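Breakdown of the fold
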Amino acid sequence: MARHKVLTLWKGEQLNEQDTKILRTPCSEAPVPFDAETKRAVRTLAEAFLERDDAVGLAAPQIGIGKRIIAFKVRNFEDKDPTTRKEDFEILVNPRITQKRGERVVGEEGCLSCPEIRVEISRYPEIKVRACNLDGKKVSKRYLDFAARVVQHEMDHLDGKLIVDYDGSVFIPKKSQSFFEKFFQNK
Ligand SMILES: [Zn+2]
């Protein structure tokens, strides 16, 4: 299966200006009921997510679709088997956080669009979300702990926000230290 290309802010030590522009653009709401374009976008994102075993979540803008759609695993985060993966993922369209609970918890996050680095980010350990599911039905969901972190991360993408925008400690590979130091100084 041909892999869907995931857009990245940089590749090696080269900034991707074109990709950055798309990743930084806030996404638009999908029409409800879904039109043909939205249905296609939902299918494409599901495919792109399921063909990878290196991501717990993927947001539409990461594959160049400017709509508010996210795909993510909700359990068995370590399991890379593509058959069970299918049962463990959810799609949300136009997600909106309606409640955040608990003290924020610091955790390390990576992102396919920000390769090779990790950033410490505080997230709420419990959130309630209203959205449409992949069939276009209205749903109200509650996510806890790591799943809540993943959903908050993916929802950031819909507003053009990325892990590099947070002020937590950054872990960068030694070999590209000067590239990343310059990147974080200029951001
Ligand atoms: Zn990400």
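Now for a description of the structure that goes with this document. Remember, predicted model here, so these are calculated numbers, not experimental data.

Here is what the cut-offs are and how they apply
- Residues numbered from 1 in each chain as written.
- Predicted model: local features only at pLDDT ≥ 70, side-chain atom pairs only at ≥ 80, totals over all residues.
- Buried ≥ 20, exposed ≤ 12 C-beta atoms within 10 Å, placed from the backbone.
- Helix = DSSP H or I, 4+ residues; strand = E, 2+ residues; numbered from the N terminus.
- Pairing = 2+ DSSP bridges.
- Expected span 1.5 Å × (residues − 1).
- Core = buried A, V, L, I, M, F, W, Y, C linked by C-beta atoms within 7 Å.

**What to know about the pairing of strand β7 (residues 118-123)**
Within a regular strand, the side chains alternate between the two sheet faces. Side-chain alternation along β7 places V119, I121 and R123 on a buried face and R118, E120 and S122 on a face that remains uncovered. One ladder, built from five bridges, connects strand β6 (residues 105-109) with β7; its direction is antiparallel. Bridging from a neighbouring strand, E109 pairs with V119 of β7. One ladder, built from two bridges, connects β7 with strand β10 (residues 170-171); its direction is antiparallel. In the sheet register, V119 faces β10, and the bridge partner there is V170.

**Notes on the sheet that holds β6**
Pairing within the open sheet is antiparallel, and its three strands lie in the order β6-β7-β10. The open sheet is flanked by β6 and β10, the only strands paired with a single partner.

**Details of helix α4 (residues 145-158)**
The terminal C-alpha atoms of α4, which comprises 14 residues, lie 21 Å apart, in line with the 20 Å expected from a rise of 1.5 Å per residue. Extensive coverage of α4 is indicated by the burial of twelve of its 14 residues. All of the buried residues along α4 are A147, A148, R149, V150, V151, Q152, H153, E154, M155, D156, H157 and L158. Directly beyond the C-terminal end of α4, a positive phi value near 75° is found at G160.

**Description of the nonpolar core**
One finds L45, I69, I70, A71, V93 and V151 to be the most contacted residues of the largest nonpolar core, which totals 31 residues. For this core, the elements supplying multiple residues, two or more each, are α2 (36-50), β3 (57-59), β4 (69-73), β5 (89-101), β8 (126-132) and α4. Considering every element that reaches this core, the biggest residue donor is α4, with six residues. Counting nine residues, the second-largest nonpolar core is a separate cluster that includes L23, C111, I121 and I163.

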